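Descriptive structure summary
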Amino acid sequence: MRLAQAFSGVVVAAAVAQAQSSDAKLAYSPPKYPSPWADGSGNWEAAYAKAQAFVKQLTLLEKVNITTGVGWEGEQCVGNTGSVPRLGFPGFCNQDSPLGVRDTDYNSAFPAGGTVAASWDRSLWRQRGADMGAEHRDKGVDTQLGPVVGPLGRSPEGGRGWEGFSPDPVLSGIAVGETVQGIQSSGVIACTKHFILNEQEHFRQVGEANGYGFPITEALSSNIDDVTLHELYLWPFADAVRAGTGAIMCSYNQVNNSYACANSYTLNYLLKGELGFQGFVMSDWQAQHSGVASAYAGLDMTMPGDTLFDTNRTYWGTNLTIAVVNGTVPEWRIDDMVTRIMSAYYYVGRDKHTKPVNFDSWTLDTFGPKHFIANEEFTVINEHVDVRAEHAKNIRDAASKSIVLLKNKGGLPLTGKEKYTGVFGQGAVTNLWGPNGCGDRQCDNGTLAMGWGSGTANFPYLVDPLTAIQNTVLETSGGVIQSVADNWAYAQIAQVASQASVSVVFVSADSGEGYLDIDGNEGDRNNLTLWHDADALIQNVTAVCNNTIVVMSTVGAVLVNSFYQNPNVTAILWAGLPGEQAGNSIADVLYGRVNPGGKLPFSIAKSRSDYGTDVMYEPNNGHGAPQDDFTEGIFIDYRAIDKKGVDPVYEFGYGISYTTFSYSNLQIKSHPVKPYTPTSGHTKPAPSFGKVSKDYSDYVFPASFHQVPYYIYPWLNSSDPKVASEDPDYDSGHKWPAHAADGSAQPKNPAGGAPGGNPQLYDVLFTVSATITNTGKITGDEVVELYISLGGPNDPKVVLRNFDKITLAPNEKKTVSLDVTRRDLSNWDTKTQNWVISKYQKTVYVGASSRKLHLKGALHVSSGSGYGQ
Ligand code: NOJ
């Protein structure tokens, strides 16, 4: 069976690589083999030892079963691996999403990653991770498919930016590290995704693109240089690995014309070599395009297991069994795959949290088929377990702390005693079809509290803004409330707004994952304007009401030019995608129960072109892979705007409060550290366990075994591998990349040495402190931001490197201390393949945003004192 596909996939990939290497015009990804084996480094030693002990007990078929999904809709989770019944091991349940348990009920809907990024609050990120992890755990999930730092957010139009945190790698890196640790503290594996350069939805998958009328035959290639890859896109993945992420999902796109799930450079060299990743690489769903080649290139688990959904064909399963028996894939490589998978399992303590899956991704019916696509084994598949605990409180708290106050000309806070409150816009109410009325949230009707696609969860309820405002006004014995939720009801809008003492206008902009579109936005947004004619809505309200507050529930940056300077707009809030408590969290800020302390995790520019990058909307390589050249390098978001020398409307890191703060007294303390030593030496040879029988009849399906239709198995249906593989070219001989099967000791990566990279990168070279004073009349939160100028001709004006969030009572002062590490001061050096501190003057700034750099000091980094090279 199926080896035809496995090998042909490899041959095609090899042919493409050859063609491209000889074609100077196309970017090329160099081969890097063998795939590094886990070694238990960092704090993985105990988990690694337990994993090895487990793997030693397994037969080859059992090992293959753990690496291969059972096929799309084969079991109850969005992805399940096979099991090891002999040892009572049920296999893995991998479940979306980065903001809650997807496709079930009695779960919470948390604020999105790109929203909580605006809180700049480490403990909030940790708590949100722990709460999401607990909900996955209690539903019986092993791996939560999140958090997201790819896309990073190269272009604001990119459809899935809101699932991740921020286009700034440091903000994203700190947020992902906390989220990973939070999720895993609840006993669930975090799967950080999508590795790497999955920066847009258009052309990420061939079938999807074909469906939209683009006849391409290969997925988009994100073409990138070594410096940009390291200084921008790989950076937060290093933090995720350092935080111990158990899994990493490789992405749909190609990187320099090699598929991300079979890219030996990104998986073997960068992720497992340089970053010292000890967990396992899982493919995105249908992102595997080859069998043996992807095994050599570092893939450890294929999801959902079939080549394309419900084809009953697989690159692994049977074919991986054959490839190990015939010696193509060495035993150490499959042992390493399973050791990595089981290391993650033990690392987060899954063995202490075993709970059978109690929900079903394909239906909410209580009774139904355990194998949905096969329509077999009817039983109770949804136990409707309520896993929400007390999370609603944290969700409301997180969402309100993530709201950014962009403008306040006395409009806020409200008291609740306003004589006449007018509420406008469809964003003020719940979708008329109900909060879950659009599958995977494929609509922007009613208040927008998450984007669309797989990064969603069902709402248990959705508190809309009108309800929350009304509750507040009634509780405060305030005045009249009138609302118009139809953005096009111009006459009614004018009538109400002209009477209102305050008008609150709710506007939105949505985006999502590429398999669904809304109004021709194929995942990525087509533009940066507000949806549903919202500019006209604001115009209509402000035309007759001089106290208008605009609340923006958007996936990211939008153009605000038409209204932000309007004097009748007395306040603007960015609320992001707040999750189930949307209305309450917004009302908390509107009525001053929470003093806003969020800061923008992206820039709001004056024009789309100021971002310097954009989504590629039309293929540019005939039917071949669209070639998306990341020519802007590290200059995205504020780095691009600063470079262009233009002013944004609201800069990265900006946000005001109902109080004010002053900054003073910058102090810089340097710390003696040892000179940076590139990691050297060799690994141990690859460990390998167990004996593999070379007799194919040992792997044939057991007699009278019932094969569930569509289910992917590790067994063979014939003792003749050619027959079992269904590969007409089975014996024709294939050329594999040099060293791919080499299990001998390998040189270590100089920038590697531990999870997250060379441990000395995290040495603290300076501690910078500043005193912040609350100069206003109420208690408030301030995010204190540290930026660095690396000083070189190719460096951005400033880059964020650290921050802290503090709470200050009126007149209270606090001194904030922020560490600066060696990594923070380094550039990637392509020659030595390592980080170096350049000779250019380093300057540190501490301030309230990327443009409000109140304090400044020089960092004296001298090579003589052991800091740099
Ligand atoms: C594809 C998405 O890209 C990924 O993020 C998700 O986890 C899988 N589908 C499973 O739903």
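Each value, and the rule that gives it
Residues numbered from 1 in each chain as written. Predicted model: local features only at pLDDT ≥ 70, side-chain atom pairs only at ≥ 80, totals over all residues. Heavy atoms only, no water. UniProt positions renumbered as here; feature names shortened; annotations may be inferred. Helix = DSSP H or I, 4+ residues; strand = E, 2+ residues; numbered from the N terminus. Rg over C-alpha atoms; globule rule 2.2 N^0.38 Å. Contact = heavy atoms within 4.5 Å. Areas by Shrake-Rupley, 256 points an atom, 1.4 Å probe, with all protein chains shown as cover. Lys, Arg positive; Asp, Glu negative; His and termini not counted. Charge placed at Lys NZ, Arg CZ, Asp CG, Glu CD. Core = buried A, V, L, I, M, F, W, Y, C linked by side-chain atoms within 4.5 Å. Buried < 20%, exposed > 50% of the residue type's maximum accessible area, 1.4 Å probe, protein only. Domains from an automatic or database assignment. Pairing = 2+ DSSP bridges. Axes fitted to C-alpha atoms, helices over the stretch in contact; angles between N-to-C directions. Near = heavy atom within 4 Å. Polar contact = N/O pair within 3.5 Å; in protein donor to acceptor, adjacent residues only side chain to side chain. Salt bridge = Lys/Arg side-chain N within 4 Å of Asp/Glu carboxyl O.

The chain has the name beta-glucosidase in an unreviewed UniProt entry, where Rhizodiscina lignyota is given as its organism. Looking at the chain in UniProt, the text filed under Pathway (unreviewed entry) is "Glycan metabolism; cellulose degradation."

All right, on to the overall build of the chain then. Each helix and strand counted, the chain has 20 helices and 27 strands in total. In terms of C-alpha radius of gyration, the chain reaches 27 Å, essentially the compact-globule figure of 29 Å for 869 residues. Taken along the three principal axes of its C-alpha coordinates, the chain extends 85 × 70 × 55 Å. Put simply, of all contacts in the chain between residues at least 6 apart along the chain, 78% involve residues at least 24 apart. About 28600 Å² of surface is accessible on the chain, with carbon and sulfur atoms providing 52% of the total. Within the chain, the 87 negative side-chain charges are centred at a point lying 9 Å from the centre of the 65 positive side-chain charges.

On to the nonpolar core. One finds Ile66, Tyr233 and Met342 to be the most contacted residues of the largest nonpolar core, which totals 136 residues. With eight residues, helix α13 (residues 331-347) is the single largest residue contributor to this core. Both of domain 1 (10-384 + 684-732) and domain 3 (662-678 + 758-859) provide at least three residues apiece to this core. With near-sequence residues (within four places) excluded, methionine 342 lies in contact with Ala51, Phe54, Val55, Ile66, Phe89 and Phe92.

A sheet is described by the order of its strands in space; here six strands give the open sequence β12-β17-β16-β15-β13-β14, paired in mixed fashion. Only two strands of the sheet have a single partner each, and these edge strands are β12 (404-408) and β14 (480-484). Taken pair by pair, the neighbouring strands of this sheet meet at an average axis angle of 15°, ignoring direction. Note: β12 against strand β17 (residues 569-574), four bridges, orientation antiparallel. Among the inter-strand pairings, leucine 405 is bridged to a residue of β17, identified as leucine 573. Taken strand by strand, helix α15 (residues 465-475) contacts β13 (420-424), β14 and β15 (502-509), and its axis lies near 170° from that of β14. Contacting β13, β14 and β15, helix α16 (residues 490-497) runs over the sheet at an angle of about 155° to β13.

The full set close to the ligand counts 14 residues, and Asp96, Arg160, Lys193, His194 and Asp284 are the nearest of them. One of the side-chain N or O atoms of arginine 102 is found 3.4 Å from an oxygen atom in the ligand. Note that an oxygen atom of the ligand is positioned 2.6 Å from one of the side-chain N or O atoms of histidine 194. Burial of the ligand by the protein amounts to 95% of the accessible area it has alone, namely 300 Å².

Across all of its chains, the model carries 39 salt bridges by this definition. Here glutamate 62 and arginine 86 are joined by a salt bridge, their closest N and O atoms 2.7 Å apart. Highlighted residues: glutamate 62 in helix α3 (residues 60-67) and arginine 86 in the loop between β1 (79-80) and β2 (93-95), separated in sequence by 24 residues. The exposure class assigned to glutamate 62 is buried, which follows from its relative accessible area of 11%. Assessed through its relative accessible area of 51%, arginine 86 is described here as exposed. Measuring nitrogen to oxygen at the nearest pair gives 2.5 Å for the salt bridge that ties aspartate 300 to arginine 333. Here arginine 333 lies in helix α13 and aspartate 300 lies in the loop between α11 (292-296) and α12 (318-325), a separation of 33 residues in the sequence. The same class applies to aspartate 300 as to arginine 333, namely buried. Here the salt bridges share partners, and the residues they tie into one network are Arg160, Glu163, Glu201, Arg204, Glu208 and Glu513.

With that settled, the discussion passes to the domain arrangement of the chain. As far as domains go, the chain holds domain 1 (10-384 + 684-732), domain 2 (403-602) and domain 3 (662-678 + 758-859). If you average the C-alpha positions of domain 2 and of domain 3, the two centres end up 35 Å apart.

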